[in-house]
Each structure stands twice: as C-alpha cells, then as structure tokens.
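Coordinate inspection notes
Read off the chains here:
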Amino acid sequence: MSGARVGSDSNGVTALRSDHLVEAQGLSQALKWPYRLEDWQFAFELGRGYAVEAEGQLLGTALWWPYGDDFATIGMIIVSPDAQRQGIGGRLMAALLADAAGRRITLITTEDGEPLYTKLGFARCGFITQHQAVLDKVPAIDTAVPVRAATPSDREAIGAVDAAASGMDRRVLLDALLEVADAVVVERAGVISGYGCVRRWGRGVVIGPVVAASAEDAKAMVAVLASAYEGVFVRIDVTDVSGLAPWLVKIGLPQVDRAPIMALGAPPVSAPGTMLVALSNQSLG
C-alpha cells in the first residue's frame, strides 16, 4: 500500500463490511495488536463499523458498540501507516460520533492519543492496567470463596450483576461471550454476586469480563479461570479501582501497559457493593 492516498473522489467514509476484515486484521497486525481474524469477526458482528478505502485497499477502520439506548464504547480505530496525516482518522471519528450521537461514550486510548480525544470532548475518567504473560504456574485457588461453573440458567443473574457493575445494559455482549467462553460465578445462599469469563483471544486466552463484590471474590474467580492455562499466554485488563494489579504481578502476570479510560458525557457508574474488575477487551469494554 506504499504511497496510497485518498483521492477527492474516493475519500468518503463507508460502512465496514465483512469482506474488509482480512485487510482490517492486517492493519491491526501492523500496529502489533494481537487480534486474530476470529476476534475481528466477533467484534464486527456485535458493533457498527466504518472504513475508508482507496483503489480497493482498506486504509482505516473505526467501530462502536451500543449498550442499551444510553451508552456505547468505541475502539479498533486504525489508520494505515501508509495513509497517515490525511485526515482519515478524523473523518472516521466524525462518522462514528454522529452515528452514536445521544449516547455517553467510553474508550480506552494511549497517552499519545489522549490529546486528540480531549479535543473531541472526551475527559479522562480512570485507567486500566494490562497484564499478560505465558503463565508459568497457575495461582492458588481460594476455596473459601464459593466459585462454581456457570450454567445457562445463570444468564439472567449474570446480566443483572453485570449491569450493576458496568452501569450499562450489556446483555447482547454477554450473550455472545457466553456462547464462546468458559464462565464461573460466585454464589452465596442462592444469590449470584459475581461472574468471570475466559475465552480464546489474541495470542492465547483473555480473562474477562470479571465482575465481583470484592477483590477477594475477583481473585478467586481469576484463579479458577486461569487454572486450565498453565503454559499458555494469558491476558487480563483490569480497572485501577479493582486493586488487582499487584496480585496479578505476584501470580506471574506482569503489567505491560497502563492506559487512560476516557468518556464523552458522564461515564457509567457501578452500583454500591459491586465493581467491574476486568474488561472483555479494551475495545468492547
């Protein structure tokens, strides 16, 4: 794609299509993002995407995911290294924000990307820390926390605790995740107060989302979810407020990044007594 430019007759933003996804994965690989084609497909099917292409080549992507009528997350905003400084990112964001207008929007960016989003009206509202490694040894499981495998009959309860912790209606995301992930719940006296998922993603597996009533419950679920993946590349992205970062480092998942969470409009808020511990990934939230 060397030297590709967007001409005046071909510089429009178009809908991202399924036949774009192979090229989209190539764009993410150029940034050393670990998305597999299956990961792109999963995100594409859940969200709404935009693209810029010229001369039959994909030059940029941007996606957003609606959560109920009030919230959305955005991500996978990529411009080809060969098409930088042509305004492609700005046009993609303009289309995306127009489509998602009326919703409060969150995203995870880099320190370098933060000024751009600040100009668009976003404000920093927290941080996530990214932890990953080949897991040399699985962590000890706290058997005092009542963790069990999730069943299909748990979906309503999982949806309720997720809504309380995330502050959003993410039932569509959860339905898709629970079709492909292994999931556990914390249940006491017949009441589910937390859940966690692990699924194939990127270079190995990703643990998330994790929702819990306490850090102790969260650690127990993460340990159970990780227990099948000794010798496997494991990633987890946790919120700063969860307090799990030092423990993750201790069990062999070092912190490799810390990224700002930004919001356009008031960010979603967790209900008292629960917290969003880990994300499904940095784009989907």
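Everything below is about the structure shown above.
By convention here, each chain's residues receive numbers from 1 onward along its written sequence. Given that the model is predicted, a residue must reach a pLDDT of at least 70 before its local features are reported, and side-chain atom pairs must reach 80 or more before they are shown or counted; all residues, however, enter totals for whole chains, interfaces and linings. The side-chain numbers reported here are obtained from all heavy atoms of the structure, hydrogens and water having been left aside.

**Details of the pattern of salt bridges**
Two side chains bearing opposite charge may form a pair once their charged atoms approach each other closely. Should a side-chain nitrogen of Lys or Arg be within 4 Å of a carboxyl oxygen of Asp or Glu, the pair is scored as a salt bridge. What the rule picks out here adds up to 15 salt bridges. Note that R17 is salt-bridged to D19, the shortest N-O span being 3.0 Å. For R17, a relative accessible area of 35% puts it in the partly exposed group. Through salt bridges with shared partners, a single network forms among R17, D19 and E53. Each residue is assigned to one of three classes by its accessible area relative to the maximum for its type, calculated with a 1.4 Å probe on protein chains only: buried under 20%, partly exposed between the two thresholds, exposed over 50%.

**Here we look at the packing of aromatic side chains**
For Phe, Tyr and Trp, where Trp contributes only its six-membered ring, two rings pair if their centres lie within 6.5 Å, and the inter-plane angle classes them as stacked under 30 degrees, edge-to-face over 60, or tilted in between. The final tally for this structure, using the stated rule, is four aromatic pairs. With centroids separated by 6.0 Å and ring planes inclined at 75 degrees, the aromatic side chains of W33 and Y35 adopt a geometry described as edge-to-face. Here Y117 and F122 contribute two aromatic rings whose centre-to-centre distance is 5.8 Å and whose plane-to-plane angle is 75 degrees, an arrangement assigned as edge-to-face. With respect to class, Y117 is no different from F122; both count as buried. Site record: aromatic cluster; members linked through ring pairs are W33, Y35, W40 and W201. Cation over ring: R199 sits above F42, and NZ or CZ is 5.5 Å from the ring centre. Sitting over the ring of F127, R258 keeps its end group 3.8 Å from the ring centre. Two conditions define a charge sitting above a ring: the NZ of Lys or the CZ of Arg must be within 6 Å of the ring centre, and it must be within 35 degrees of the ring normal.

**Examining helix α6 (residues 171-180)**
Along α6, the residues that are buried comprise L173, L174, A176, L177 and L178. Contact definition: two residues touch when any of their heavy atoms are within 4.5 Å. Where helices and strands are cited, they refer to DSSP runs of H or I of at least four residues and of E of at least two residues respectively, numbered from the N terminus. For α6, the elements touching its buried residues are α2 (37-46), β3 (57-67), α5 (155-166), β8 (182-188), β9 (191-201) and β10 (204-212).

**Describing the nonpolar core**
If you look at the biggest cluster of nonpolar residues, it comprises 28 residues, and the most contacted ones within it are I207, V210, V222, I236, L248, L253 and V277. Secondary-structure elements contributing two or more residues to this core are β8, β10, α7 (215-226), β11 (233-239), α8 (245-250) and β13 (275-278). The biggest single contributor to this core is α7, with six residues. Not counting residues up to four positions away in its chain, the partners in contact with I207 are C197, V198, V222, L225, A226, V234, R235, I236, A278 and L279. The set of buried Ala, Val, Leu, Ile, Met, Phe, Trp, Tyr and Cys residues whose side-chain atoms join them within 4.5 Å is what this entry labels a nonpolar core. In this structure, L21, W40, Y67 and L177 belong to the second largest nonpolar core, which totals 25 residues.

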